[in-house]
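# Coordinates in review
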Amino acid sequence: MSRREFITLLGGAVAVWPLAARAQQPTPAVSLVYDATPSEATPFVAAFQRGLLEVGFVEGQNVAVEYRYAGSHYEQLPALVAEFVNRQIAVIVGNTPVALAARKATSTIPIVFLTGTDPVKVGLVASFNRPGGNATGVSFLTAATETKRLGLLRELLPKATVIGALADPNFLTTAGQLKDLQDAAPTLGQEIHVVEASTESQLDGGFATLAQLRPDAVVVVASPFFTGRRERLVALAEHYRMPAMYSWREFPAAGGLISYGTSFTDAFRQAGVYSGRILKGEKPADLPVLMPTKFELVINLKTAKALGLEIPDRLLALADEVIE
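Not measured: the values here are computed from a predicted model.

## A few points about the pairing of strand β6 (residues 111–115)
Burial analysis of β6 places five of its five residues in the buried class, which makes it a mostly covered element. Residues Ile 111, Phe 113 and Thr 115 line one face of β6 and the alternating positions Val 112 and Leu 114 line the opposite face, and both faces are buried. As paired strands, strand β5 (residues 91–95) and β6 are joined by four bridges and run parallel to one another. Bridge assignment links Ile 92 to a residue of β6, and that residue is Ile 111.

## A short note on the nonpolar core
Within the largest apolar cluster, 73 residues are counted, with the highest numbers of intra-cluster contacts made by Phe 48, Val 93 and Phe 268. Of the residues forming this core, the biggest block, seven residues, is contributed by helix α11 (residues 264–279). Those residues in contact with Val 93 that sit more than four places away from it in its chain are Val 30, Ser 31, Leu 32, Val 33, Phe 48, Val 98, Val 112, Leu 114, Ala 271 and Ser 275. Core analysis: the next-biggest nonpolar cluster, separate from the first, contains 28 residues, Leu 152, Leu 257, Ile 311 and Leu 315 among them.

## With respect to the pairing of strand β10 (residues 217–220)
Of the two faces of β10, the one holding Ala 217 and Val 219 and the one holding Val 218 and Val 220 are both buried throughout. In the sheet, β10 pairs with strand β11 (residues 244–246) via two bridges, with the strands oriented parallel. Within β11, the position partnered with Val 219 by the bridge is Met 245.

## Brief notes about unusual backbone geometry
The phi dihedral of Arg 214 is positive, around 55°, even though this residue is not glycine. Relative to the helices and strands, Arg 214 is located in the loop between α7 (200–213) and β10. The exposure class of Arg 214 is exposed, given its relative accessible area of 68%. Here Arg 241, not a glycine, exhibits a phi torsion of approximately 55°, which is positive. Among the secondary structure elements, Arg 241 is positioned in the loop between α9 (230–239) and β11. Taking relative accessible area as the criterion, Arg 241 reaches 52% and is therefore assigned exposed.

## Some words on the layout of surface pockets
Empty space within the second largest pocket amounts to approximately 190 Å³. Contributing to the lining of the second largest pocket are 14 residues, with Glu 238, Gly 255, Thr 303, Ala 306 and Leu 307 lying nearest its centre. For the lining of the second largest pocket, the elements supplying multiple residues, two or more each, are α9, β11 and α12 (301–306). Here the residues of the lining of the second largest pocket sort into eight nonpolar, three polar and three charged.

## Re the confidence of the model for the protein chain
When pLDDT is averaged along the protein chain, the result is 88, and 90% of the positions lie at 70 or above. Across the protein chain, element-level confidence peaks in α12 with a mean pLDDT of 98 and bottoms out in strand β1 (residues 7–9) with 31. Across residues 1–25, where pLDDT falls below 50, the model places 53 contacts with residues more than four positions away in sequence or in other chains.

## Comments concerning the side chain of Thr 106
Relative to the elements of secondary structure, Thr 106 occurs in the loop between α4 (96–105) and β6. With relative accessibility at 7%, the residue Thr 106 sits in the buried group. One polar contact links the side chain of Thr 106 to the main-chain amide nitrogen of Ile 109, over a distance of 3.1 Å. Beyond its immediate stretch of four places on either side in the chain, Thr 106 contacts Val 85 and Asn 134.

## Regarding the sheet that holds strand β7 (residues 135–139)
Within the open sheet, the five strands sit side by side as β4-β3-β5-β6-β7. Their pairing is parallel. The open sheet has two edge strands, β4 (64–69) and β7, and neither has a second partner. The mean angle between the axes of side-by-side strands here comes to 15°, regardless of whether they run parallel or antiparallel. Against the sheet, α11 makes contact with β3 (29–34), β5, β6 and β7, and its axis sits at roughly 165° relative to β6, the strand it touches most.

What counts as what
- Residues numbered from 1 in each chain as written.
- Predicted model: local features only at pLDDT ≥ 70, side-chain atom pairs only at ≥ 80, totals over all residues.
- Heavy atoms only, no water.
- Buried < 20%, exposed > 50% of the residue type's maximum accessible area, 1.4 Å probe, protein only.
- Helix = DSSP H or I, 4+ residues; strand = E, 2+ residues; numbered from the N terminus.
- Pairing = 2+ DSSP bridges.
- Core = buried A, V, L, I, M, F, W, Y, C linked by side-chain atoms within 4.5 Å.
- Contact = heavy atoms within 4.5 Å.
- 1 Å grid on protein atoms, 1.4 Å probe; cavity = no way out; pocket = protein on both sides within 12 Å on 5 of 7 lines; lining within 4 Å.
- Points joined across faces, edges and corners; volume = space filled by probe spheres on them.
- Nonpolar A, V, L, I, M, F, W, Y, C, P; charged D, E, K, R; others polar.
- pLDDT = per-residue confidence, 0-100.
- Polar contact = N/O pair within 3.5 Å; in protein donor to acceptor, adjacent residues only side chain to side chain.
- Axes fitted to C-alpha atoms, helices over the stretch in contact; angles between N-to-C directions.

If you want it as structure tokens, here you go:
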């Protein structure tokens, strides 16, 4: 990923390219809006750039990519999207809240989304095979895999009966994910205790509250806010010695215990491919919503050892990646 100079606005919440650099950029232009900070988004931006490259677009040569980062400030997304709509940018790329804001703002500018929910239910497309409007993208089924994560946690800790769930109440798919967890828990002999956190200060307080509840393990419910703060969440789980299940491999790569889900980085790569195809003239209405073909189970053995846990042989055999 090439290094670029940022100007930080709104107290560091949103970063934009310098005006001089923007003026020199080639056209066409693609916008990538993401509710994280620039450093937190680095691996995903790199994956997006790889996707563009696969279809012949190199940033700074034959395509310009403008980035906007909203941190956890979801309320800023409509204004960020409106800027690109007013400028009639070629393609707008973003996750569910970004795509919904873009769909509300324009029916003509192509939108490429990355969503963990059903894009039909939230109104992004008419159907998976025939999106039918100005939006298409990648659906990585985050909301449909929380039950599987709970089951894997049960295999790892068969005696665990009290499970904490750390959830971001401001994220669109959180309610559905929590419902899946709470519906599945009784069949596994488990009880779910939900603790909410949607700001920096609430992360520390959330884990302190979980510690008071003394859960046998914690499920960190998927949200961009949590993904962007994965190192801090991992450190808090380590501090309180809590076995924790996450959604993406980036968490165990940062020292977390275990994760199960699709590849988040590959979803960004696919979004880059679709953006490039649209720049070449294809219509979002004709590009089917992409679905994940592989789910990854990642286990960090070093973290398991630090927690005094022995990973069952069956889980080790199922694991796609074991970090030692």
